[in-house]
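# Commentary on secondary and tertiary structure
Chain by chain, the residues run as shown.
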Amino acid sequence: MDYRDDDLKKFEAHGAAPLPVATEQGQVEHDGAKIWYATFGTGYPVILLHGGLGHSGNWGFQVPALVRHGYQVITIDSRGHGRSTRDERPYKYELMASDVLAVMDRLQLNKAIAAGWSDGACVALILGMKAADRIAGVFFFGCNMDPSGTKDFEASPVIERCFGRHKKDYAELSATPGQFDAFVEAVGLMMKSEPNYYAAELGKIRVPVAVVQSEHDEFIKDEHATYLARSIPASELIMLPDVSHFAPLQRPEQFNRVLLAFVEKIHP
């Protein structure tokens, strides 16, 4: 039977499934920050980029599935998130994208598939836009690329449970465990002011892109996902039924089938 956690009560209590033992892990010093990464398995590389306020452990249901199918998985804690540090500059998606390239350089990865969730999806698409020679394809789940794509925020028990889990994890993993409120404020400021990419820029993206939208996404408008898929030349729109912005945690088998199908299309 498929694992389900539609209300995120399991995630709030225990987090995602624990990550397997890493093949390699470490930190890359880059542009004022120490960026934590880990690798799992062997094969063609797939980079997983988590959402805002989260960390690599949120991919606990996806890493083993990709490894079982013969891929090397690289997880990265975005600067200031999880085990990664940051300097005093404001958060910027393009700066986070440059951190990913620094990790790729450390691992001597010439090219990889980038799969992102929420803020991580924005970072992945920026990589596909600005570093296409390094990115074989982008799996873009649950994010906007300009301010018109977001819904008005409405609190819900599911969102509160996710937020509560992030707060616990931050206290456990961060080098600045007492600064969660400042962290949330700084990430929120980035989300309010970025990203700002429009049809002309999206139309120049040449790597394959899967624009993936959940039926009940709390943050992103369906019509924005449709617009992105229409604006990006080598893209497809995939709708996930009966799940929300937290689909990788709520119904991981469903999410993994779509992720694996895209990855295998790029590199069988």
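Just so it is clear, the model here is predicted, and its values are computed rather than measured. (Residues numbered from 1 in each chain as written. Predicted model: local features only at pLDDT ≥ 70, side-chain atom pairs only at ≥ 80, totals over all residues. Heavy atoms only, no water.)

### A closer look at the overall build of the protein
Applicable threshold: Note on conventions: DSSP H or I runs of at least 4 residues are helices, E runs of at least 2 residues are strands, and numbering of each starts at the N terminus. In this treatment the radius of gyration is a C-alpha quantity, and the globule benchmark scales as 2.2 Å times the residue count to the 0.38 power. Only protein chains enter the accessibility calculation, which uses a 1.4 Å probe. A residue is then buried if its area is under 20% of the maximum for its type, exposed if over 50%, and partly exposed in between. A contact between two residues is defined here by any heavy atoms of the two lying within 4.5 Å. Residue exposure ignores everything except the shown protein chains as possible cover, and the areas themselves are Shrake-Rupley values with a 1.4 Å probe. Under this rule, positive means Lys or Arg and negative means Asp or Glu; His and the chain ends count for nothing. Think of each charge as sitting on NZ of Lys, CZ of Arg, CG of Asp or CD of Glu.
Assigned secondary structure in the protein consists of 10 helices and eight strands. At 17 Å, the protein has a C-alpha radius of gyration in line with the 18 Å of a compact globule built from 268 residues. A burial count over the protein gives 56% of its 268 residues as buried. For the protein, contacts bridging at least 24 residues in sequence account for 76% of all contacts bridging at least 6. Carbon and sulfur atoms make up 52% of the accessible area of the protein, which amounts to about 11500 Å² in all. Each charge sign in the protein was given a centre, from 27 positive and 35 negative side chains, and these centres are 2 Å apart.

### Some thoughts on the environment of asparagine 256
Stated formally: The definition of a polar contact used here is a pair of N or O atoms within 3.5 Å, where within protein one atom must be able to donate a hydrogen and the other to accept one, and adjacent residues in sequence count solely through side-chain atom pairs.
By the secondary structure assignment, asparagine 256 is in helix H10 (residues 252-266). We classify asparagine 256 as buried; its relative accessible area is 10%. C-alpha separation for the pair asparagine 256 and leucine 66, spaced 190 residues apart in sequence, amounts to 8.4 Å. If near-sequence neighbours (up to four positions away) are discounted, asparagine 256 is found in contact with Phe61, Gln62 and Ala65. A distance of 3.1 Å separates the side chain of asparagine 256 from the backbone oxygen of phenylalanine 61, its partner in a polar contact. Within the structure, asparagine 256 has its side chain in polar contact with the side chain of glutamine 62 (distance 2.9 Å).

### Examining helix H4 (residues 119-130)
Defined as follows: Given a helix with a known number of residues, its expected span is that number minus one, times 1.5 Å.
Helix length check: H4, at 12 residues, gives a terminal C-alpha distance of 17 Å against a target of 16 Å (1.5 Å per residue), a fit within 8%. The element H4 is extensively covered by neighbouring structure, given that 11 of its 12 residues are classed as buried. Along H4, the residues classified as buried are Asp119, Gly120, Ala121, Cys122, Val123, Ala124, Leu125, Ile126, Leu127, Gly128 and Met129.

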